[in-house]
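# Architecture at a glance
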Amino acid sequence: SKGQFASWLLEERGPARFVLAVGDDATDEDMFARLNDSGFTLHVGHGHSNAQFRLRHRAAIDKLLTEFLQ
């Protein structure tokens, strides 16, 4: 699962300076649950989510990352 991979990656590579996990469906929920203490988790769309934050549309992600990376 994505959650198992995310946990393994943090264990193998050590603590990261910044972690951002973005997803839009049920397969991302385990990842969100495992990463909430290690970084920022962001769900795109509607419905229940384990993510800390939510955006309504994918276009908002593009805008967020463009502004963040400038």
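The paragraphs below set out a description of the structure included in this document.

### Comments concerning the pairing of strand E2 (residues 40–44)
- Along E2, four of the five residues are buried, which leaves the element largely enclosed by surrounding structure.
- Pairing analysis gives four bridges linking strand E1 (residues 20–23) to E2, with the strands arranged parallel. If you follow leucine 20 over to E2, its bridge partner there is phenylalanine 40.
- Bridge count for E2 against strand E3 (residues 53–55) is three bridges, and the pairing is parallel. The residue bridging histidine 43 from the neighbouring strand is arginine 54, located in E3.

### Regarding the packing of aromatic side chains
- Under the criterion given, the structure shown has four aromatic pairs.
- Measuring from centroid to centroid gives 5.6 Å for phenylalanine 18 and phenylalanine 68, while their planes differ by 20°, and the two rings are stacked. Taken together, the residues phenylalanine 18 in the loop between helix H1 (2–13) and E1 and phenylalanine 68 in helix H3 (residues 58–68) connect sequence positions 50 residues apart.
- A relative accessible area of 54% places phenylalanine 68 in the exposed class.
- Ring geometry for phenylalanine 40 against phenylalanine 53: centres 6.3 Å apart, planes inclined by 35°, an arrangement best described as tilted. Here phenylalanine 53 lies in strand E3 and phenylalanine 40 lies in strand E2, a separation of 13 residues in the sequence.
- The exposure class assigned to phenylalanine 40 is partly exposed, which follows from its relative accessible area of 41%.
- Judged by its relative accessible area of 45%, phenylalanine 53 is partly exposed.
- Within the aromatic cluster, the residues linked to one another by ring pairs are Phe18, Phe40, Phe53 and Phe68.

The rules behind each value
- Within any chain, residue numbers begin from 1 and follow the written order of that chain's sequence.
- Note on the predicted model: pLDDT of at least 70 is required for a residue's local features to be given, and 80 or more for side-chain atom pairs to be given and counted; whole-chain, interface and lining totals, by contrast, use all residues.
- Hydrogens and waters are ignored; side-chain quantities use all the structure's heavy atoms.
- Throughout, exposure labels follow a simple rule: accessible area from a 1.4 Å probe, protein chains only, divided by the maximum for the residue type, with under 20% read as buried, over 50% as exposed, and the rest as partly exposed.
- For the purposes of this entry, the term helix denotes a DSSP run of H or I that reaches at least four residues, the term strand denotes a run of E that reaches at least two, and both are numbered from the N terminus.
- When DSSP finds two or more bridges between a pair of strands, those strands are recorded as paired.
- Centres within 6.5 Å are what make two rings of Phe, Tyr or Trp a pair, Trp counting through its six-membered ring; a difference in plane orientation under 30 degrees is then read as stacked, over 60 as edge-to-face, and the rest as tilted.

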